[in-house]
Amino acid sequence: MSGVALSPLPTSVPTLLATAIGTALCSASANTLNQLQEVPFDAQMARTRNRPFAARAITPLHGAGFALASGIAGPAILWSMTNPTTAILGASNIILYAGVYTWMKRKSYYNTWVGAVVGAIPPVMGWTACGGQIIPSASNPIQIFLPPFLTSLPSAPVDLALVDNPLAPFALFMLLFSWQFPHFNPLAYLVRGSYAQAGYSMLPVLDPRKNALVSLRHALLLVPICTILTPLSGLTTWWFAVTSLFPNVVAVRAAWAYWKRGGEKEARALFRHMLWYLPAVLGLMMIHKQGLDWSKWIGFGDEAEDEGAKTAQKVTEPSV
């Protein structure tokens, strides 16, 4: 939904709802297929043994039927109500999560990187649902939006047609991709005993120190993503580079403490900070959306002044 809201292209409430519902159904299908495959392992872990299949609250046949129905309905809604690109991204996410990611969880700790790709695709689906492009082409090249003080015409209006360029959805993708490491890695560290018991090949089990380092690395990467890549893409104005510094400083500080001391207290603190970090940053992106004049939107801009002038003119005009 944030991808839809941040897109400069025209959209509608049906498109927004169809994107949200279609994506949710794809997610439901992928998650159900994942849990169907992991019943014997979920049953071994305290935090997952109460999941529906492991607890035998739902039969595998019932779950498979639900996964099939939602897996077909999700892409179908996206295809018919938005466009084929969004539907293909939704179907691809089902395959990535229920197939590649689930299989890799017991083979390699790089499963987390695949999972991060899965989590980074939904906002891109919001962008494409409005007709936005994600692949550069001759007719749709990458556009760069420099800070006003570096341009020859700092007061020139922004051409919103240029904001629909592949760098913008890439910025959304990278934000969600990097956010997931300082979000998930400390959580995985807190439940590393369960992962080890079930035989999962997770980074906090195999190398807790590297697990903390990866969290710090991506927390640091979030800083240039917010302060350089996002405004450079035209997704937001350059004021976002300033206002996003606060949540990023908090995140980096928490990630540094986790990497430095590596305890459960620090892991829990980082995990909790990353819970509010994402909605805060997405909210700031909405506020600083390129081409959006909030003063006009709430009725205090030029349009309101023009209406006032017109009203005054009508009052002062003599009647005929």
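Worth saying up front: this structure is predicted, and the values here are computed from it rather than measured.

### Some details on the nonpolar core
Soluble globular proteins tend to bury their nonpolar side chains together.
Move 1: L175, Y277 and M285 are the most contacted members of the largest nonpolar core, which has 42 residues in total.
Move 2: Broken down by secondary-structure element, the contributors of at least two residues to this core are α6 (111–129), α8 (167–190), α11 (208–232), α13 (245–261) and α14 (264–287).
Move 3: The greatest single-element share of this core, amounting to 11 residues, is contributed by α8.
Move 4: Beyond its immediate sequence surroundings of up to four residues, L175 is in contact with L222, I225, C226, Y277, V281, L282 and M285.
Move 5: Counting 9 residues, the second largest nonpolar core, distinct from the first, contains C26, A30, L89 and I94.

### Structural notes on the UniProt feature "transmembrane region" (unreviewed entry) in the protein
Move 1: Those places that UniProt annotates as "transmembrane region" (unreviewed entry) correspond, in this numbering, to residues 12–33, 53–79, 85–104, 113–135, 167–191, 212–232, 238–258 and 270–287.
Move 2: End-to-end, the C-alpha atoms of residues 85–104 are 26 Å apart, and along that stretch the chain is 100% helix and 0% strand.

### Remarks on empty space enclosed by the protein
Move 1: One pass over the full model with this rule turns up 1 cavity of 30 Å³ or more.
Move 2: The computed volume of the largest cavity comes to approximately 30 Å³.
Move 3: Forming the walls of the largest cavity are T112, W113, F181, F184, N185, M202, L203, P204 and N211.
Move 4: Breaking the lining of the largest cavity down by element, the ones donating at least two residues are α6, α8 and α10 (203–206).
Move 5: In terms of residue count, α8 provides more of the lining of the largest cavity than any other element does, 3 residues in total.
Move 6: Looking at the lining of the largest cavity, its residues break down into 6 nonpolar, 3 polar and no charged.

### Re the layout of surface pockets
Move 1: Here the largest pocket defines a volume of roughly 740 Å³.
Move 2: Around the largest pocket, the lining comprises 35 residues; the ones closest to its centre are Y97, Y101, G115, V118 and Q180.
Move 3: Sorting the residues of the lining of the largest pocket by element identifies α2 (13–37), α5 (84–104), α6 and α8 as the ones contributing at least two each.
Move 4: Among the elements that take part in the lining of the largest pocket, α2 stands out by supplying 8 residues, more than any other.

### Thoughts on the packing of aromatic side chains
Move 1: Counted under the stated rule, the structure contains 11 aromatic pairs.
Move 2: With centroids separated by 5.4 Å and ring planes inclined at 70 degrees, the aromatic side chains of F177 and F181 adopt a geometry described as edge-to-face. Highlighted residues: F177 and F181, both in helix α8, separated by 4 residues, approximately one helical turn. The same class applies to F177 as to F181, namely buried.
Move 3: For the ring pair Y189 and Y258, a centre distance of 5.9 Å and an interplane angle of 65 degrees mean the geometry is edge-to-face. With Y189 in helix α8 and Y258 in helix α13, the pair connects residues that are 69 residues apart, well separated along the chain.
Move 4: Since its relative accessible area comes to 10%, Y189 is described here as buried.
Move 5: Among the aromatic side chains, those forming a connected cluster through ring pairs are Y109, Y110, W113, F173, F177 and F181.
Move 6: Stacked on the ring of F41, the Lys or Arg R106 has its end atom at 3.7 Å from the ring centre.

The rules behind each value
Residues numbered from 1 in each chain as written. Predicted model: local features only at pLDDT ≥ 70, side-chain atom pairs only at ≥ 80, totals over all residues. Heavy atoms only, no water. Core = buried A, V, L, I, M, F, W, Y, C linked by side-chain atoms within 4.5 Å. Buried < 20%, exposed > 50% of the residue type's maximum accessible area, 1.4 Å probe, protein only. Helix = DSSP H or I, 4+ residues; strand = E, 2+ residues; numbered from the N terminus. Contact = heavy atoms within 4.5 Å. UniProt positions renumbered as here; feature names shortened; annotations may be inferred. 1 Å grid on protein atoms, 1.4 Å probe; cavity = no way out; pocket = protein on both sides within 12 Å on 5 of 7 lines; lining within 4 Å. Points joined across faces, edges and corners; volume = space filled by probe spheres on them. Nonpolar A, V, L, I, M, F, W, Y, C, P; charged D, E, K, R; others polar. Phe/Tyr/Trp six-rings, centres within 6.5 Å; stacked < 30°, edge-to-face > 60°. Lys NZ or Arg CZ within 6 Å of the ring centre and 35° of its normal.

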